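A structural walkthrough
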Amino acid sequence: KEHMDKKFVEQLRTTGVMHVIAASGMNVTLFGGFLSATLVLFLRRQLALMLTIVGIFLYCLLASFEPPIVRATLMGSLTLIAQMVGRQYMAGYLLAIAGYIMLYISPYLLFDVGFQLSFLAVLGILWCHPYFRRVFAWLPEIFGIRDAASMTIAAQMLTLPIVISNFGSVSVVSPITNILIGPVAPMLMGAGMVFLL
């Protein structure tokens, strides 16, 4: 962020899409998915999943253990371990376990804005996404617009109090920009990973 044009950063903030360039749980999810899908082509499934866990922990290390990245790393690792041992998993339990581990290690994270936003956004998606998916049933399923709309509104609804109390303003166009960016961001990140390889 230090080398970014201040006008560009302000535009990201105004449109409510700063999270796209920030280290986030979405990055870990996309990286882990890409890594496991690639490794499973060449290795046994169990080994591919173990190496994916190692890969996302290395990603977490490179991202300086930012709270959203740690949360996603713990949830992703627990999900992969559950798959390796043939157990079912529930995302709500994984979120609670990740939160417990993080707060056990560092209780002061409870007051970290990144921690709060990350957990509330995921909680909003887990609890409210199914409801908003029915509300947005009239939207076309083209390019995942319906899912993007329901997940955006669900996440923003629960994070709204934290955003207002910490940043003092809310972007009115944020839901629209996030709905439009939602389906495109994973494709761009995936293309970036392929390019890097």
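Residues numbered from 1 in each chain as written. Predicted model: local features only at pLDDT ≥ 70, side-chain atom pairs only at ≥ 80, totals over all residues. Heavy atoms only, no water.

**A look at the overall build of the protein**
Within the protein, the regular secondary structure consists of 10 helices and zero strands. Taken from N to C terminus, the helices and strands of the protein fall in the order α-α-α-α-α-α-α-α-α-α. Whereas a compact globule of 197 residues would reach a radius of gyration of roughly 16 Å, the protein reaches 17 Å, a difference of no more than 12%. Taking all 197 residues of the protein together, the buried fraction comes to 37%. In the protein, once contacts between residues fewer than 6 apart in sequence are set aside, the share between residues at least 24 apart is 61%. By element, 72% of the accessible surface of the protein is carried by carbon and sulfur atoms, the whole surface being about 12,400 Å². Positive and negative side-chain charges in the protein, numbering 11 and 7 respectively, have mean positions lying 11 Å apart. (Helix = DSSP H or I, 4+ residues; strand = E, 2+ residues; numbered from the N terminus. Rg over C-alpha atoms; globule rule 2.2 N^0.38 Å. Buried < 20%, exposed > 50% of the residue type's maximum accessible area, 1.4 Å probe, protein only. Contact = heavy atoms within 4.5 Å. Areas by Shrake-Rupley, 256 points an atom, 1.4 Å probe, with all protein chains shown as cover. Lys, Arg positive; Asp, Glu negative; His and termini not counted. Charge placed at Lys NZ, Arg CZ, Asp CG, Glu CD.)

**So, the side chain of S77**
Examined against the element boundaries, S77 turns out to sit in helix α5 (residues 67-84). In this view, S77 contacts I53, I56 and F57; residues no more than four positions away in its chain are not counted.

The values reported here are purely geometric and, on their own, carry no functional implication.
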